[in-house]
Amino acid sequence: MLAAMLGGTILLLATVGRQRPGLVAAGCGILLVAFVSPLCALASALFSARTVHHILLVACAAPVFALLLPRGRSGSAALPLAASTGTLWLWHIPAFYTAALNDHALYWLMQISLLGTAIWFWHAILSARAAWPAAMVTLAAGVGQMGLLGALITFAPRVLYPHHRIAPLAYGIDPLHDQQLAGLIMWVPAMLPYAVIAGLIARRPWSDGWRWTPA
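Residue numbering note: each chain is counted from 1, following its sequence as written. Given that the model is predicted, a residue must reach a pLDDT of at least 70 before its local features are reported, and side-chain atom pairs must reach 80 or more before they are shown or counted; all residues, however, enter totals for whole chains, interfaces and linings. Working from all heavy atoms in the structure, the side-chain values ignore hydrogens and water.

A helix here means a DSSP run of H or I that spans at least four residues, while a strand means a run of E at least two residues long, and both kinds are numbered starting from the N terminus. Counting its secondary structure elements, the chain contains eleven helices and zero strands. Starting at the N terminus and ending at the C terminus, the chain contains elements arranged as α-α-α-α-α-α-α-α-α-α-α. Note on exposure labels: buried denotes an accessible area under 20% of the residue type's maximum, exposed denotes more than 50%, and partly exposed covers the range between, all computed with a 1.4 Å probe on protein chains only. In the chain, buried positions account for 47% of the 215 residues. Working rule for contacts: check all heavy atoms of both residues, and any pair within 4.5 Å makes them a contact. Considering only contacts in the chain between residues 6 or more positions apart, those separated by 24 or more positions represent 77%. Each accessible area is a Shrake-Rupley result for a 1.4 Å probe, and residues are judged covered by the shown protein chains and nothing else. Counting only carbon and sulfur atoms, one obtains 74% of the accessible surface of the chain, whose full area is about 10,600 Å².

What follows covers the packing of aromatic side chains. Classification of ring pairs rests on two measures: the distance between centres of Phe, Tyr or Trp rings, Trp counted by its six-membered ring, which must be within 6.5 Å, and the angle between planes, read as stacked under 30 degrees, edge-to-face over 60 and tilted in between. In this structure the tally under the stated criterion is eight aromatic pairs. When the centroid spacing of 5.5 Å and the interplanar angle of 80° are considered together, the rings of Phe-47 and Tyr-97 count as edge-to-face. Remark: Tyr-97 occurs in helix 6 (residues 94-102) and Phe-47 occurs in helix 4 (residues 47-67); sequence separation between them is 50 residues. Across the pair, exposure class does not vary: Phe-47 and Tyr-97 are buried alike.

Attention now goes to the environment of Pro-189. By secondary structure assignment, the location of Pro-189 is in the loop between helix 9 (175-187) and helix 10 (191-202). The class for Pro-189 is partly exposed, based on a relative accessible area of 40%. Taking the C-alpha atoms as reference, Pro-189 lies 9.4 Å from Ile-55; in sequence the two are 134 residues apart.

On a range of 0 to 100, pLDDT expresses the predictor's confidence in each residue. Of the residues in the chain, 82% have a pLDDT of 70 or more, and the chain-wide mean is 85. In this model, residues 209-215 is a region of pLDDT below 50 whose contacts with residues beyond four sequence positions or in other chains number four contacts.

Attention now goes to the packing of helix 4 against helix 9. Lines fitted to C-alpha atoms define the axes here, with helix axes fitted over just the stretch in contact, and angles between the N-to-C directions of these axes take values from 0 to 180 degrees. For the pair helix 4 and helix 9, the least separation of the axes is 7 Å and the interaxial angle reads 20°. Taken as axis vectors, helix 4 and helix 9 run roughly parallel relative to one another. Crossing angle aside, the handedness with which helix 4 passes helix 9 is right-handed. Along its contact with helix 4, which presents Phe-47, Ser-48, Thr-51, Val-52 and Ile-55, the element helix 9 presents Asp-178, Gln-179, Leu-181, Ala-182, Ile-185 and Met-186. Split by residue class, the contact of helix 4 with helix 9 holds seven nonpolar, three polar and one charged. Angular relationships are summarised with four words: roughly parallel below 35 degrees, roughly antiparallel beyond 145, roughly perpendicular across 65 to 115, and oblique for the angles in between. Crossing handedness: left-handed means the near helix sits turned counterclockwise from the far one by under a right angle, and right-handed means the same turn made clockwise. The nonpolar class holds Ala, Val, Leu, Ile, Met, Phe, Trp, Tyr, Cys and Pro. Asp, Glu, Lys and Arg form the charged class, and all remaining residues, Gly among them, are polar.

What follows is the structure in structure tokens.
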């Protein structure tokens, strides 16, 4: 199933983004790191590694894939924001997270839904050329919701995910410390891709020939 998923993605991107082979290679490379490298196996044991895995999907691969889609003007980004936020939080509810790791079909539903809604979110932001302030506000909301989720995980007084209560000990890591590290990764380093894209969006008015003049 993994080979079919990656193969289908490569074929789709090769068709849609045939004029941008660099982006196709970058997106597929991120997927390979997430699903084929040792990170994937490590994510089965460490929640911190699972967090890195998810960040690669929603904050690294998703914006690259979004750039391959048509860049027409988009409407409100509120619905994509709500969908991507709801999906991210849903799969971090302990019961749903545990169910996904215990069921092959649910596991892939988690991965595909995280990536798909994130692509929708990033496409809405990157396509909103006529409303860059709204894009910045939406991006800030995306950063805020992820930071809040990271903070809640960081300061949780106990291990939230049964799947990661024992496995971290094999690596000499206390399970609660592993969970706290996961929250910190989501809270701080995960913001870097958002900051880079915010900088690119902030340049739009100047690159489009717009100049601010006082009233």
